[in-house]
Amino acid sequence: MRRNTTMTWAAVLAVVVSLAACVADTPSAPPPASDSPTITIQDQKFVSNHVTVEAGDTVTWVWDDGDMPHDVSGNGFKSEIQAEGTFSHTFEEVGAYPYFCTLHSGMKGTVTVVEPG
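The sections below set out a description of the structure shown in this document. (Residues numbered from 1 in each chain as written. Predicted model: local features only at pLDDT ≥ 70, side-chain atom pairs only at ≥ 80, totals over all residues. Heavy atoms only, no water.)

Time to look at the overall build of the protein chain. Looking only at helices and strands, the protein chain features one helix and nine strands. Seen in sequence order, the protein chain has helices and strands lined up from the N terminus as α-β-β-β-β-β-β-β-β-β. Within the span of the protein chain, comprising 117 residues, buried residues form 26% of the whole. The contacts in the protein chain between residues at least 6 apart in sequence include a share of 49% that link residues at least 24 apart. Surface exposure of the protein chain reaches about 8100 Å², of which carbon and sulfur atoms provide 57%. (Helix = DSSP H or I, 4+ residues; strand = E, 2+ residues; numbered from the N terminus. Buried < 20%, exposed > 50% of the residue type's maximum accessible area, 1.4 Å probe, protein only. Contact = heavy atoms within 4.5 Å. Areas by Shrake-Rupley, 256 points an atom, 1.4 Å probe, with all protein chains shown as cover.)

Here you go:
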């Protein structure tokens, strides 16, 4: 007995198209959250100088300004004066934490710490 292969393939195609439409309507997953917000020191500026984090988060500053020395200084935290490397600080309490470079008066920023959500 001979099967009707045209009808079988048409049914398979209909199922595939239906599944593809379902997949296309499925929202994509959000990008993973960064474990440690990063502030880059570059061109005598803090790039992303205003960040908001949750209490308990760690912020990392990354030196990327050639041989130019900088530091990070704020209420309760201070890095060494350095021209390369990183400095990290964990913010435990909710509030606003201004910071600056003690060597370059125009370099300023703020870390805003909010309740975990």
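What you see with strand β1 (residues 38-42) is a clean split: I39 and I41 sit on the buried side and T38, T40 and Q42 on the side with no burial. Between β1 and the antiparallel strand that follows it, strand β2 (residues 45-47), lie two residues; D43 among them carries a positive phi value of about 55°. (Pairing = 2+ DSSP bridges.)

This is a description of form; function is not addressed.
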